[in-house]
Amino acid sequence: MNIHEKYINRCIRLAENGLGSTYPNPLVGSVVVHKDRIIGEGWHRRAGEPHAEVHAIRSVKERELLRASTIYVSLEPCSHHGKTPPCSDLIIASGIPRVVIGTIDPFAAVSGRGIQKLLAAGCDVTVGVLEKECLELNKRFFTYHNKKRPYIILKWAESADGYLSPAHRKETAPVWITHKYARQLVHRWRSEEQAILTGTKTVIADNPRLDTRDWYGKSPVRVVLDRSLRIPHDYHVWDDSVKTLFLSEKQPGMSGEHTTVVPFDFSGDVAGEIAKLLYEQELQSVIIEGGQRTLQTFIAAGLWDEARIFRGDVMFNGGTPAPELQGFLFAKQNVYGNELRIIKKEKTED
């Protein structure tokens, strides 16, 4: 790892602190370096608040050093006036002569313009350092802007013999396959995504809350597929505690301050129309925790980006089989005795 990669890697680690709280903005980290010493750093914490470069520059105590420093940033500095002033203007005004950027911003109001402004001001600009890692960092933001749909994560837990649920169950409650720490990890994932989607059968069988009660963070928007509005109104998904969208062909008989029944046609390209609807709702990411049918619908349509699959040690000896998909193993780890595999739809270049 060379010197530029070292500091862009630090930017990425800083940016990760904002996961789940910066929407609709991207994750960005920045460091200011003088003679191979970090003298300032920061990350974008929340939409509407100062960007990473602002935090990094403001944290520098010896301001005179800025004119002999390099600022590193994981994503191209903005050049437009939004809720905050342009970061490229701040860099220029601070007299920082060198700028190292992880990757260009795909957002139309920024893309390439921040770099052009810096170059025009006489800054020495380097672009494309740890670009693959910077793209992975903002996979949600890039997918939303480039593909006009949310980043789609499939998640399920399967038994040691490959089933989602047993053939027979006696009560309306989840059949736990994984350890409680794996479940806590799932709640952390929920806090990092903007939406969570599930189907009618899963809700009726498990009566899930689809929230982040086992982790600190904002609960995602709940998206429930309920073609005939069959889910009983005393179930958790109707509690109006968070924004909830019911996609249905039936006229609503109940709604609330945070609950909306959205007309939806289930006879066509269901996965594609859901992706379109979520994009129109300005939701950059969705984690799908549905049953076999819901998951397989997105797999069959080729509308998914990664799958997070737990495998427990329980045996069901029959039941609902886990979905089948073809992809590339991105990561594999042990979570307190439960195997976790993360599969990517597209191969990540080395």
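Calculation notes
- Residues numbered from 1 in each chain as written.
- Predicted model: local features only at pLDDT ≥ 70, side-chain atom pairs only at ≥ 80, totals over all residues.
- Heavy atoms only, no water.
- Helix = DSSP H or I, 4+ residues; strand = E, 2+ residues; numbered from the N terminus.
- Rg over C-alpha atoms; globule rule 2.2 N^0.38 Å.
- Buried < 20%, exposed > 50% of the residue type's maximum accessible area, 1.4 Å probe, protein only.
- Contact = heavy atoms within 4.5 Å.
- Areas by Shrake-Rupley, 256 points an atom, 1.4 Å probe, with all protein chains shown as cover.
- Lys, Arg positive; Asp, Glu negative; His and termini not counted.
- Charge placed at Lys NZ, Arg CZ, Asp CG, Glu CD.
- Salt bridge = Lys/Arg side-chain N within 4 Å of Asp/Glu carboxyl O.
- Polar contact = N/O pair within 3.5 Å; in protein donor to acceptor, adjacent residues only side chain to side chain.
- UniProt positions renumbered as here; feature names shortened; annotations may be inferred.

Overview of the overall build of the protein chain
At step 1: Per the secondary structure count, the protein chain includes 10 helices and 16 strands.
At step 2: Relative to a compact globule of 350 residues, whose C-alpha radius of gyration would be 20 Å, the protein chain shows 23 Å and is just as compact.
At step 3: Across its three principal directions, the C-alpha atoms of the protein chain cover 70 × 45 × 30 Å.
At step 4: Burial analysis of the protein chain (350 residues in total) assigns 51% to the buried set.
At step 5: Nonlocal contacts in the protein chain, meaning residues at least 24 apart in sequence, comprise 68% of its contacts between residues at least 6 apart.
At step 6: For the protein chain, the exposed area adds up to about 16,900 Å²; of that, 48% sits on carbon and sulfur atoms.
At step 7: Of note, the protein chain has its 46 positive side-chain charges centred 2 Å away from the centre of its 43 negative side-chain charges.

Details of the side chain of E76
At step 1: Within the fold, E76 resides in the loop between β3 (70-75) and α3 (87-93).
At step 2: Notably, E76 is buried but unbridged: the nearest opposite-charge side chain belongs to R113, and the N-O separation is 8.0 Å.
At step 3: Within the structure, the side chain of E76 is placed 2.9 Å from the backbone nitrogen of G112, a separation counted as a polar contact.
At step 4: At a separation of 3.2 Å, a polar atom in the side chain of E76 contacts the main-chain amide nitrogen of I115.

What to know about the UniProt feature "binding site: NADP(+)" (unreviewed entry) in the protein chain
At step 1: The sites that carry the UniProt feature "binding site: NADP(+)" (unreviewed entry) are, in the present numbering, A157, W176 and T202. A maximum C-alpha distance of 13.4 Å places the annotated residues, which cover 46 residues in sequence, within one compact spot.
At step 2: Within the secondary structure, A157 sits in strand β6 (residues 151-158).
At step 3: Given the relative accessible area of 17%, A157 is considered buried.
At step 4: By the secondary structure assignment, T202 is in helix α8 (residues 200-206).
At step 5: Take T202: its relative accessible area is 16%, and that puts it in the buried class.
At step 6: What T202 contacts, discounting residues up to four positions off in sequence, is N207, P208, E289, G290 and G291.

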